[in-house]
Amino acid sequence: MRDNALGSDGKIRSVQANLTLDPIVVEKMKRWNTLKQSLHRQLVEEINSRRIDLDTKGDPLKERQLRTNVETIVNTLISRDNSLVMTREERERLVKELVDEALGLGPLEEILRDPTITEIMVNRFDQVYIERKGKLVISEKQFIDNNHVIQVIRRIISPLGRRIDESVPMVDARLRDGSRVNAIIPPLAVQGPTLTIRRFPEKAYSSNDLVGIGSMTPEMIEFLKVCVLTKKNVVISGGTGTGKTTVLNMLSAFIPDDERIITVEDTAELRMQQAHVVRLEARPANIEGQGQISIRELVKNCLRMRPDRIVVGECRGGEALDMLQAMNTGHDGSLTTVHANSPRDAFTRLETLCLMAGMDLPIWALREQIKSAVHILVQLTRFSDGSRKVTCVTEVTGRNEETILSQDIFRYVQDGVQADGKVFGHHEATGLIPKFFPELKAKGLNLDLSGFAKKDA
């Protein structure tokens with residue numbers, strides 16, 4: 001069995017399914033990196049001796065001119081070494097990689113240019129994984145050494161006024177294109193500095209896009225659209241990388257343009273399409289460990305900002321209680337996400353997060369809060385073939401002494417796995433009508449009941 005990897009020329013290469021590279025390829029890469037390391041040192045010396053200013057202040061014209069100048073220097077350095085014998089393609093690749101080293105993010109530059117790659121994981125300097133279409137594959141791209149990785153990390157975070165060293169060995173940041181970055185270095189990272197970059201599509205997925213890739217059905221979209229329009233509070237649940245932010249962005253597009261929306265996020269990822277939007281982003285502590293502003297503080301503050309809708313990118317702590325209280329005190333139509341693998345786990349997760357707020361509330365009171373605040377839960381699952389689907393659209397119907405009561409309105413049924421590993425199945429309505437359906441009719445919304453009918457097998 002074989003899988004794919006990104007080749008040095010940007011094309012897909014086939015590698016063993018255990019995600020290891022051929023020893024001959026590894027040796028060739030080592031020789032290539034040694035050559036690059038030598039030329040890179042000469043390039044740095046040349047740039048310093050000419051006192052070339054690398055700070056273009058984001059000016060595209062200056063960036064292009066700087067890149068042209070550095071390319072000229074690299075070509076001159078290569079021409080000086082008469083012992084170098086390489087093809088035109090190899091020379092172009094060498095020039096490009098050296099310029100990327102000097103001005104950009106080194107071996108990551110070419111990967112970042114590929115829009116089909118959604119995640120980049122640098123486990124150590126000589127091991128870089130990428131995610132494409134939900135599947136992990138190993139890339140032939142490598143860093144020169146651990147110091148090279150740290151240099152790239154610092155190049156990412158320096159413009160944000162952040163630092164990383166032994167005293168601050170872990171950092172979260174964001175690239176100019178909105179990609180989310182996490183870096184962790186020794187002594188916390190045992191194998192060497194580790195870098196993870198989560199990328200987001202240039203254009204947010206629309207409801208038609210999600211229907212097109214089989215994540216949802218038109219009936220599910222129509223029902224959720226009505227839920228948003230009638231200000232039902234919606235929680236989106238799923239594991240890591242299941243597409244929670246994608247669905248949150250899609251649902252937020254249904255919010256009317258004449259409403260005031262306030263978003264609260266740990267790292268700004270949401271792409272609201274309305275005009276009247278205020279975006280709040282949590283702030284980590286500074287170098288001295290001071291100045292942190294948590295999501296919980298921002299949720300509390302946004303209640304004083306006269307929001308029509310509150311959208312919290314993710315509830316992961318005590319802010320869940322503040323969010324539920326906001327939902328219960330006139331801020332209907334709010335949206336948020338939680339990490340959980342099923343609707344039942346999501347309710348338990350919300351209970352746990354509320355307890356993290358430090359309030360000494362009995363469990364029955366928390367369940368009453370959840371029952372009153374959450375109307376709809378959308379569950380997402382990432383399957384073995386990398387596909388992501390909405391597996392449940394669940395309505396909260398009440399509570400008893402033991403748990404939150406709910407009913408599935410739509411669900412996904414997996415029928416099997418094809419020979420190539422692709423999961424196949426179908427979405428279906430359960431035949432249950434939402435308890436709040438009479439309320440929709442009272443508001444003049446005529447939702448077609450046939451969309452809830454259970455189809456015969």
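Residues numbered from 1 in each chain as written. Predicted model: local features only at pLDDT ≥ 70, side-chain atom pairs only at ≥ 80, totals over all residues. Heavy atoms only, no water.

### A word on the packing of aromatic side chains
Stated formally: Stacked, edge-to-face and tilted are the three classes for Phe, Tyr and Trp ring pairs, Trp counted by its six-membered ring, which pair at centre distances within 6.5 Å; planes under 30 degrees apart are stacked, over 60 edge-to-face, the rest tilted. Numbering goes from the N terminus for both helices and strands, where a helix is a DSSP run of H or I of at least four residues and a strand is a run of E of at least two. The cut-offs for exposure are 20% and 50% of the maximum accessible area for each residue type, with area from a 1.4 Å probe on protein chains only; residues under the lower value are buried, those over the upper are exposed, and the others partly exposed.
For the structure on display, the rule yields five aromatic pairs. Ring geometry for Phe223 and Phe410: centres 6.0 Å apart, planes at 55°, overall tilted. Taken together, the positions of Phe223 in helix α7 (residues 218-229) and Phe410 in strand β16 (residues 404-417) put the pair 187 residues apart, joining distant regions of the chain. Each member of the pair, Phe223 as well as Phe410, carries the same accessibility label: buried. Here Phe410 and Phe452 contribute two aromatic rings whose centre-to-centre distance is 5.9 Å and whose plane-to-plane angle is 35°, an arrangement assigned as tilted. Here Phe452 lies in the segment after α13 (437-442) and Phe410 lies in strand β16, a separation of 42 residues in the sequence.

### Re the environment of Arg80
As for its position among the elements, Arg80 is in helix α2 (residues 60-80). In this structure the C-alpha to C-alpha distance between Arg80 and Leu335, which are 255 residues apart in sequence, comes to 61 Å.

### Digging into the confidence of the model for the protein
The condition that has to hold: The quantity called pLDDT is the predictor's confidence in a given residue, expressed from 0 to 100. Every residue pair with non-hydrogen atoms within 4.5 Å of one another is taken to be in contact.
Taken as a whole, the protein shows an average pLDDT of 84; of its residues, 93% reach a score of 70 or greater. Low confidence marks residues 1-19, where pLDDT is under 50. Its contacts with residues over four positions away, or in another chain, come to 51 contacts.

### Considering the sheet that holds strand β5 (residues 135-139)
Filter applied, for reference: Here, strands pair whenever DSSP counts at least two bridges between them. Helix axes use the C-alpha atoms of the stretch in contact, all axes being lines fitted to C-alpha atoms, and the angles between their N-to-C directions lie in the range 0 to 180 degrees.
Sheet architecture is open: six strands sit in the order β5-β4-β3-β8-β7-β6, paired in antiparallel fashion. The strands lining the two open edges of the sheet, one partner per strand, are β5 and β6 (170-174). Pairs of neighbouring strands in the sheet enclose a mean axial angle of 15°, with direction left out of account. Summarising the sheet, strand β4 (residues 127-132) and β5 pair through five bridges and their orientation is antiparallel. Bridging from a neighbouring strand, Val128 pairs with Ser139 of β5. Where helix α5 (residues 146-157) meets the sheet, it contacts β3 (117-124), β6, β7 (180-184) and β8 (194-198), and its direction lies at approximately 45° from that of β8.

### Observations regarding the sheet that holds strand β10 (residues 261-265)
Read from one edge to the other, the open sheet built from nine strands follows the order β11-β10-β12-β13-β9-β14-β15-β16-β17, with strand pairing classed as mixed. Strands at the two margins of the open sheet, each flanked by one partner only, are β11 (277-281) and β17 (423-429). Between one strand axis and the next, the sheet turns through 25° on average, direction left out of account.

### A few points about the pattern of salt bridges
We apply this condition: One speaks of a salt bridge when a side-chain nitrogen belonging to Lys or Arg is within 4 Å of a carboxyl oxygen belonging to Asp or Glu.
Per the counting criterion, the structure on display carries 27 salt bridges. Taking the shortest distance from any N to any O, the salt bridge between Glu269 and Arg180 comes out at 2.2 Å. Remark: Arg180 occurs in strand β7 and Glu269 occurs in the loop between β10 and β11; sequence separation between them is 89 residues. Judged by its relative accessible area of 24%, Arg180 falls in the partly exposed class.

### Section: the packing of helix α11 (residues 343-355) against helix α12 (residues 363-373)
Which entries qualify depends on this criterion: The scheme is simple: roughly parallel for angles under 35 degrees, roughly antiparallel for over 145, roughly perpendicular for 65 to 115, oblique for anything else. Should the near helix be turned anticlockwise from the far one by less than a right angle, the crossing is termed left-handed; should it be turned clockwise, right-handed. Any residue outside Ala, Val, Leu, Ile, Met, Phe, Trp, Tyr, Cys, Pro, Asp, Glu, Lys and Arg is labelled polar, Gly included; the first ten of those are nonpolar and the last four are charged.
For the pair α11 and α12, interaxial distance at closest approach is 10 Å and the crossing angle is 120°. Relative to α12, α11 is oriented oblique. For the pair α11 and α12, the crossing hand works out as right-handed. Contact residues: α11 offers Phe347, Leu350, Glu351, Cys354 and Leu355, while α12 offers Ile363, Leu366, Arg367 and Ile370. When its residues are assigned to classes, the contact of α11 with α12 shows seven nonpolar, no polar and two charged.

### Notes on the state of the cysteines
The condition is simple: In plain terms, two cysteine sulfur atoms within 2.5 Å form what is called a disulfide here.
Per the stated rule, a full pass over the model turns up zero disulfides. There is no disulfide at Cys315, and the cysteine sulfur nearest it, in Cys354, is 8.4 Å away. The class of Cys315 is buried, set by a relative accessible area of 2%.

### Comments concerning helix α8 (residues 244-252)
Burial analysis of α8 places seven of its nine residues in the buried class, which makes it a mostly covered element. Every buried residue of α8 is listed here: Lys244, Val247, Leu248, Asn249, Met250, Leu251 and Ser252. Residues of α8 that are buried sit in contact with α6 (207-212), α7, β9 (234-238), β12 (309-312), β13 (335-339) and β14 (376-382).

### A word on the environment of Phe424
By the secondary structure assignment, Phe424 is in strand β17. According to the relative accessible area criterion, Phe424 is partly exposed, its value standing at 36%. Taking the C-alpha atoms as reference points, Phe424 and Asn208, separated by 216 residues in sequence, lie 20 Å from one another. If we ignore the near neighbours within four places in the chain, the residues touching Phe424 are Tyr412, Gln414, Asp415, Gly416, Val417 and Gln418.

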